[in-house]
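Remarks on the overall topology
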Amino acid sequence: MIVAIYVELSCQPSYKEELPDRTPTDPLDAAARYRWLAVNILPCEGEVRLWLQSRVRSLSTADHDDLIQEAYARIWKSDPTQIANPRGYFYTIVRNLLIEEARRARIVPLERLGEIEGLKFVSEEPGPEQHAHGRQALETLCKIIATLPNKMRSVFNLRSFEGCSRKEIAEQLGISERTVEKQLQNAHLRITEALTKQHSRRDIAQHSLTRKEHDADR
Amino acid sequence: MTRTGKRIEQEAAGWVVKTQLGTLTPEEQTDFQQWLATSSRHQGAWIRANTIQASIESVAALGAGVTPDAARPRISFQWRLPLAAAATLLLAVASILIYQGLGDRYTSGVGELRQVALTDGSTMLLNTATRAIVKMKPDSRDIQLDRGEALFEVAHDVSRPFLVHAGNITVKAIGTAFTVKMNDALAGEKIEVLVTQGTVEVMSPSGTARITADHHASVQPEAPPKVEAIERGEAERQLAWRSGRLEFDGQPLLEAVKEINRHSRKHVIVTDPVMAQRPIVGSFRAIDSESFAHIAAATLNAKVILDGDVIRIEPK
């Protein structure tokens, strides 16, 4: 049985989302902005997903995907130079999105309210290290590439490490240019999956532990 | 909401690949603009896909050194694929060698903090400008601290002592929390060990000492470790860097400046010997040497001179 109940949400979005509108004199151009996201936000995504999985169980994984996509759009609009703690900021944005959605919906499963209330402070804790730098990042990417199917891997390597054009790759591998694109798209998706879902059992154990502590608090 | 998130993710990846290949036709360009304007979810997915692309590109750039590049004679097409495969293999092999033989290397830049989860369940938090190499062996856990400062929270494992090597000393722990700090051991500066939990053993060529919680040891080259008890608050103060701050409680300006300069690229310089010994009290953002200089100057009735890449504090 699903208990649906109208409740005035007591929690407010914690609005620390600095500078909602970007100024024309943006200090970072798009490429630099993506690099900033790649270094500061992307490495935390797996952790945030895990946190959603363990804490917000009344939402499906597909809903989590939506939240994450929305969060990227939201983070893009803020000024990276103003964000001292990107990881905490990521958590704050996701939590705010959850609250906003709950407010819009008006009717929210009771359990979710408790879940949202319980999402405070997590962003202040230091998280497990997700930032793969330099050689380590290269190592991680190589491991992911190694798991790609042969053809996909060849196309990906020619593009990423060799800088071949779509035409060159097609000629060299004897496949159509359309296939080159398709293979690159699939490689991109698989790398996305691997980079954002990479978690050891230890991390999961840690998360369920904090959840237990949190449950015990209530 | 069903599988739309995944579908949007796929579409975004498609657009990123096309944009990156530079193969968008004018019609596709229009389609893309429409797609992007549909919803903030589409925009978010596009931004996320580009972030992944940026990540791939920056990592691939590191691998460029081992793949044939423009500087070398162009290699015929039929050789490219085997070479790309060989390059990937080489990278994989190199990674394995690094992993097994040389240990995992972790570094933090100036002003950066890095939390590292070690495979044995311990954690290591690197303070600014620090380099550590981790070797997990069957009978021991070895960390080589090359420079800087790190806080270790050690998972209990009697069969595998946790050893931190810094300069000519070794700190041995089983299950505890402690920091090891070395500024410049080569220049003959002291190495400091601060224990917040449990007990560690400090082994130096001139003697061994046991340090319990809330004790601090400093090891000068060629001298036995000097151990002293510290107050709780003092340990907290010394560990303020964990939250990106530096706290001083009456330390001489010179010492505070040295600490601030570790965390910031913009260095503070104090030349006046009298002022260098004046005490500093306060909590400062570790990476903001300029604010530090202004506050310190205000309390010491001095002036701040911004001089290119350095900040001078001088008597008025």
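Throughout, residues of each chain are indexed from 1 in the direction in which the sequence is written. The order in which chains are written sets their letters, starting at A; the order in which ligands are written sets their numbers, starting at 1. Thresholds applied to this predicted model are a pLDDT of at least 70 for local features of residues and 80 or more for the giving and counting of side-chain atom pairs; totals over whole chains, interfaces and linings are not thresholded and use all residues. For the side-chain quantities, the full set of heavy atoms in the structure was used; hydrogens and water were omitted.

**Details of the overall build of chain A**
The helix and strand labels rest on DSSP assignments: H or I over at least four residues marks a helix, E over at least two residues marks a strand, and numbering proceeds from the N terminus. Of regular secondary structure, chain A possesses 10 helices and two strands. Ordered by position in the sequence, the α and β elements of chain A form the string β-α-α-α-α-β-α-α-α-α-α-α. Using a 1.4 Å probe on the protein chains alone, a residue whose accessible area is under 20% of its type maximum counts as buried, one over 50% counts as exposed, and one in between counts as partly exposed. Within the span of chain A, comprising 218 residues, buried residues form 51% of the whole. Contacts were defined at the residue level, with two residues in contact if any of their heavy atoms lie within 4.5 Å. In chain A, 75% of the contacts between residues at least 6 apart in sequence involve partners at least 24 apart. Of the accessible surface of chain A, which amounts to about 10,800 Å², a share of 53% is contributed by carbon and sulfur atoms. Residue burial considers only the protein chains on display, and all accessible areas are found by Shrake-Rupley using a 1.4 Å probe.

**Description of the confidence of the model for chain B**
Residue and element names in this part refer to chain B. The predicted model of chain B has a mean per-residue pLDDT of 81, with 84% of residues at 70 or higher. The predictor's confidence in any single residue is recorded as pLDDT, a number from 0 to 100. When pLDDT is averaged over each helix and strand of chain B, the minimum, 54, is found for helix α4 (residues 77–102) and the maximum, 92, for strand β6 (residues 162–166). Contacts for the low-pLDDT stretch residues 64–78, under 50 throughout, to residues beyond four places or in other chains number 18 contacts. Predicted confidence for residues 96–101 stays below pLDDT 50, and this span has five contacts to residues more than four positions away or in other chains. Predicted complex metrics record ipTM = 0.75 and pTM = 0.47.

**Side note on the interface of chain A and chain B**
Each side of the interface is counted separately: chain A has 57 residues, and chain B has 57 residues. By convention, the term buried area covers the 1.4 Å-probe accessible surface removed from two parts as they join, with the contributions of both added. Interface of chain A and chain B: buried area, both sides summed, is about 5,200 Å²; carbon and sulfur atoms make up 62% of it. The salt bridge criterion pairs a side-chain nitrogen of Lys or Arg with a carboxyl oxygen of Asp or Glu, the two atoms within 4 Å. Taken together, the links from chain A to chain B amount to four salt bridges. As used in this structure description, the phrase polar contact means that two N or O atoms lie within 3.5 Å; if the pair is within protein, one of them must be able to donate a hydrogen and the other to accept it, and residues adjacent in sequence are counted only when both atoms belong to side chains. The interface formed by chain A and chain B includes 11 residue pairs in polar contact (both at pLDDT 80 or more). The set of elements that each furnish at least two residues to the side of chain A that touches chain B consists of α1 (30–40), α2 (42–55), α3 (61–77), α6 (134–146), α7 (150–160), α8 (166–173) and α9 (177–197) of chain A.

**Some points on the environment of I52(B)**
Mapped onto the secondary structure, I52(B) falls in helix α3 (residues 40–63). On a C-alpha basis, the gap between I52(B) and A13(B) in space is 9.3 Å, while along the polypeptide they are 39 residues apart. Among residues more than four places away in sequence, those in contact with I52(B) are L42(A), H188(A), I191(A), T192(A) and L195(A).

**Considerations on the side chain of E28(B)**
Residue placement: E28(B) occurs in helix α2 (residues 26–38). Within polar-contact distance, the side chain of E28(B) engages the backbone nitrogen of T25(B) at 3.0 Å.

**Here we look at the pairing of strand β18 (residues 310–315) of chain B**
Residue and element names in this part refer to chain B. Whether two strands pair comes down to DSSP finding at least two bridges between them. Relative to β18, strand β15 (residues 267–270) runs parallel, the two being bridged by four bridges. Paired with H267 across the bridge in β18 is V310. The pairing of strand β17 (residues 302–307) with β18 spans six bridges and is classified as antiparallel. Each bridged residue has a counterpart across the sheet, and for I305 the counterpart in β18 is R312. As consecutive antiparallel partners, β17 and β18 are separated by two residues, and within that stretch G308 has a phi angle of approximately 60°, a positive value.

**So, the pairing of strand β11 (residues 207–212) of chain B**
Residues and elements named next belong to chain B. The pairing of strand β10 (residues 199–204) with β11 spans six bridges and is classified as antiparallel. Directly across from T199, in β11, lies its bridge partner T212. The antiparallel hairpin formed by β10 and β11 contains two residues in its connecting segment.

**Points about helix α6 (residues 253–263) of chain B**
In terms of burial, α6(B) is a largely internal element, eight of the 11 residues being buried. Taken together, the buried positions of α6(B) are L253(B), A256(B), V257(B), E259(B), I260(B), N261(B), R262(B) and H263(B).

**Thoughts on the packing of α2(A) against α9(A)**
Residues and elements named next belong to chain A. Working convention: axes come from line fits to C-alpha atoms, limited for helices to the stretch in contact. Angles between N-to-C directions cover 0 to 180 degrees. Close contact between α2 and α9 brings their axes to 7 Å; oriented N to C, the two are set at 70°. Here α9 runs roughly perpendicular to α2, going by the angle between their axes. Contacts between α2 and α9 pair L42, E45, G46 and R49 from the former with L195, T196 and K197 from the latter. Asp, Glu, Lys and Arg are counted as charged, while Ala, Val, Leu, Ile, Met, Phe, Trp, Tyr, Cys and Pro are counted as nonpolar; the rest, among them Gly, fall into the polar class. Taken together, the residues of the contact of α2 with α9 sort by class into two nonpolar, two polar and three charged. Oblique is the label for any angle not under 35 degrees, not over 145, and not in the 65 to 115 range, which are roughly parallel, roughly antiparallel and roughly perpendicular in turn.

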